[in-house]
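Given next are the chains, with one letter for each unit.
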Amino acid sequence: MNALKSLSFVLAASLWAPAAVGSDAPQGLSLKDHVFTPSIIHVRANEPTIISLTNKDDTAEEFDSTALKVEKVVASGSTGNIRLRPLAPGRYPFVGEYHSGTAQGVVIAE
Amino acid sequence: MLASLLIVFREVIEAGLIVGIVLAATTSVSRRGLWISLGIAAGVVGACVVAGFAGELAALFEGSGQELFNAAILLVAVIMLTWHNVWMAGHGKRMALEMRHVGSEVAAGRRSLIALAIVVGVAVLREGSEVVLFLYGIAAQGGASSGMMLMGGALGLAAGAGVSALLYYGLLSIPAHRLFAVTAWLITLLAAGMAAQAVLFLQQAGYFEVLTSTVWDTSWLLPESGIVGRLLHTLVGYSDAPNGAQLVVYVGTLVTIYLLMKIVNGRKPLTTAVSGSAA
């Protein structure tokens, strides 16, 4: 664990720092009772975006979208930033993988 | 129940296919069972630890700890797979041909086994931590449905292991002299796919943001979310919408491993192996 931690540290240090992403603030998204709010997120097409997901449930959830190429675990009670690549105009569905029956949403790039 | 079956099945199959390939690639190496079991066991323990500290891990590096962790363990796996393939290019063919003469090679074989045990360990670690988080969530909720959900998880585990076993026995039906070439290719493709996946994780963490635009989109033809797309993603690194950096790294990894194997193979022609007395 420690070795892996220091390895990822070296990895992080050896690469350049995160690029500043747009001027826009992260889009807020929250999860409560395994439901995303808002369930529709509008982003500008062809620009990178950050979605800031706050998990208000008492279990961990994985933000999962094959369309967006994102898998991100957000622990209970914490907030995680999800970076979206510049998207072509269109609809990109996402789910909370552990409760995909209720935790559903869509990113609309336009 | 079906949902939890599918989730666990998917994660198990991703780790299981890697275990199957590793097992097939080491059929001629003694004591492989021990090392690969150790790798699986370490992966399971690691998965529980990672799941337990998921929140802390994610909070590292300005909220990108999870992505960097995933990228790091994938890159470790790529290096280990490369090492194994290059080593096998030098020794493997000889070992397969002269099983009785492997005595002196056992020490070197063990080093390659350790590398592959690490690959197995990190594969189980990565996929397993998601299963642990998921099942823990179900167990924590309690109630009547959780028993069914856990049952689904158990069935998913069995089904994933079954498919992995099918791959393994399928590979074993390949004649021994060709098995080496086939597994070498499988491992090369596996490593390239992992390297491309690592690039994606780095980009999600905000690093390595070059050539990020999508090169093609075949999600209408073969979606990565489907079973076939998933299998191809795990085995050869298929992506239905890869970006430029991923492609460059994918091809770069393929070429690097191929060239390294060529160089090592060329340096040790079979004739010296057979005469042997020169040493």
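Residues numbered from 1 in each chain as written. Chains lettered and ligands numbered in written order. Predicted model: local features only at pLDDT ≥ 70, side-chain atom pairs only at ≥ 80, totals over all residues.

Undergrad: Just to check I follow, could you spell out the overall build of chain B for this structure?
TA: On a plain count of helices and strands, chain B comes out with ten helices and zero strands. Moving toward the C terminus, one meets the helices and strands of chain B in the order α-α-α-α-α-α-α-α-α-α. In chain B, which comprises 279 residues, the proportion classed as buried is 49%. A separation threshold of at least 6 residues defines the contact pool for chain B, and within that pool the share at least 24 residues apart is 81%. (Helix = DSSP H or I, 4+ residues; strand = E, 2+ residues; numbered from the N terminus. Buried ≥ 20, exposed ≤ 12 C-beta atoms within 10 Å, placed from the backbone. Contact = placed C-beta atoms within 7 Å.)

Undergrad: Please clarify how the overall build of chain A should be interpreted in this entry.
TA: In terms of helices and strands, chain A carries one helix and nine strands. Listing every helix and strand of chain A by position from the N terminus yields α-β-β-β-β-β-β-β-β-β. Taken across its 110 residues, chain A has 40% of its residues classed as buried. Taking the intrachain contacts of chain A between residues at least 6 apart in sequence as the baseline, contacts between residues at least 24 apart amount to 59%.

Undergrad: Looking at this structure, I do not really get the interface of chain A and chain B. What am I missing?
TA: How big an interface is tends to be expressed through the accessible area that disappears when the partners come together. Taken residue by residue, the interface counts 30 residues in chain A and 34 residues in chain B. Counting only elements with at least two residues in the side of chain A that touches chain B, the list comes to α1 (2-14), β6 (70-74) and β7 (79-84) of chain A. Sorting elements by how many residues they give to the side of chain A that touches chain B places α1 of chain A first, with five residues. Its residues assigned to classes, the side of chain A that touches chain B comprises 16 nonpolar, eight polar and six charged. (Nonpolar A, V, L, I, M, F, W, Y, C, P; charged D, E, K, R; others polar.)

Undergrad: Would you mind going over the sheet that holds strand β2 (residues 35-37) of chain A with me for this structure?
TA: Sheets are built from strands paired through backbone hydrogen bonds, the pairs being either parallel or antiparallel. Residue and element names in this part refer to chain A. Pairing is mixed across the open sheet formed by four strands, whose spatial order is β2-β1-β4-β7. Two strands in the sheet have a free side with no partner beyond their single neighbour: β2 and β7. Averaged over all pairs of adjacent strands, the angle between their axes in this sheet comes to 25°, without regard to strand direction. Alignment of strand β1 (residues 27-32) against strand β4 (residues 49-55), held across five bridges, turns out to be parallel. Bridge pairing in β4 links Gly28 to Ser52. (Pairing = 2+ DSSP bridges. Axes fitted to C-alpha atoms, helices over the stretch in contact; angles between N-to-C directions.)

Undergrad: Please clarify how unusual backbone geometry should be interpreted in this entry.
TA: A negative phi angle is the norm for most residues apart from glycine, just as the trans form is the norm for most peptide bonds. Residue and element names in this part refer to chain A. Cis geometry is found at the peptide bond from Thr37 to Pro38, where omega equals -10°. The topology assignment puts Pro38 in the loop between β2 and β3 (40-43). Despite not being glycine, Asp33 shows a phi value in the positive range, around 50°. Considering the arrangement of structural elements, one finds Asp33 in the loop between β1 and β2. Take Asp33: there are 10 C-beta atoms within 10 Å of it, and that puts it in the exposed class.

Undergrad: Where do I start with the pairing of strand β5 (residues 61-65) of chain A in this structure?
TA: For a regular strand, the rule is simple: side chains alternate between the two faces of the sheet. All names here are of chain A. Most of β5 sits inside the fold, with five of its five residues counted as buried. Covered by surrounding structure in β5 are Glu61, Phe63 and Ser65 together with Glu62 and Asp64, the residues of both alternating faces. Sheet analysis places β5 next to β6, joined by five bridges and oriented antiparallel. When the sheet's bridge partners are listed, Glu61 is paired in β6 with Val74. Note that β5 and strand β8 (residues 90-96) share two bridges and pair antiparallel. What sits directly across from Phe63, in β8, is Gly96.

Undergrad: Explain the pairing of strand β9 (residues 104-109) of chain A here, please?
TA: Residues and elements named next belong to chain A. Residues Gly105, Val107 and Ala109 of β9 are buried on one face, while the alternating residues Gln104, Val106 and Ile108, pointing to the opposite face, are not. For β3 and β9, the ladder comprises four bridges, and the chain directions are parallel. When the sheet's bridge partners are listed, Val43 is paired in β9 with Ala109. Across six bridges, β8 lies against β9 in antiparallel orientation. Among the inter-strand pairings, Gly90 is bridged to a residue of β9, identified as Ala109.

Undergrad: So what exactly am I meant to see when it comes to the confidence of the model for chain A here?
TA: The predicted coordinates ought not to be read in detail in places where the model reports low pLDDT. Residues with a pLDDT of 70 or more make up 78% of chain A, whose mean pLDDT is 81. Every residue in residues 10-23 of chain A scores below 50 in pLDDT, and together they form 16 contacts with partners more than four places removed in sequence or on other chains. (pLDDT = per-residue confidence, 0-100.)

Undergrad: I'm lost on the nonpolar core in this one. Help?
TA: Soluble, globular proteins show a tendency: their nonpolar side chains are buried together. Residue and element names in this part refer to chain B. With 107 residues, the main nonpolar core has Ile18, Val22, Ala77, Val119, Val120 and Ala195 as its most contacted residues. Residue contributions to this core peak at 17 residues, all from helix α5 (residues 106-141). The contacts of Ile18, once residues within four sequence positions are left out, are Val119, Val120, Ala123 and Leu190. (Core = buried A, V, L, I, M, F, W, Y, C linked by C-beta atoms within 7 Å.)

Undergrad: How do you make sense of the sheet that holds β3 of chain A when you look at a structure like this?
TA: Residues and elements named next belong to chain A. As summarised here, the arrangement of the five strands in space is β3-β9-β8-β5-β6, forming an open sheet in which the pairing is mixed. Since the sheet does not close on itself, it has two edges, and those belong to β3 and β6, each with one partner. The mean inter-strand angle of the sheet, taken between neighbouring strand axes irrespective of direction, is 20°.

Undergrad: Hey, could you run me through the environment of Ile21 of chain B in this one?
TA: Residue and element names in this part refer to chain B. Note that Ile21 resides in helix α1 (residues 2-25). Exposure remark for Ile21: the 26 C-beta atoms within 10 Å place this residue in the buried category. When the C-alpha positions of Ile21 and Leu171 are compared, they lie 8.0 Å apart, and in sequence the two are 150 residues distant. Those residues within four positions of Ile21 in sequence are excluded, and the remaining contacts are Thr183, Leu186, Ile187 and Leu190.

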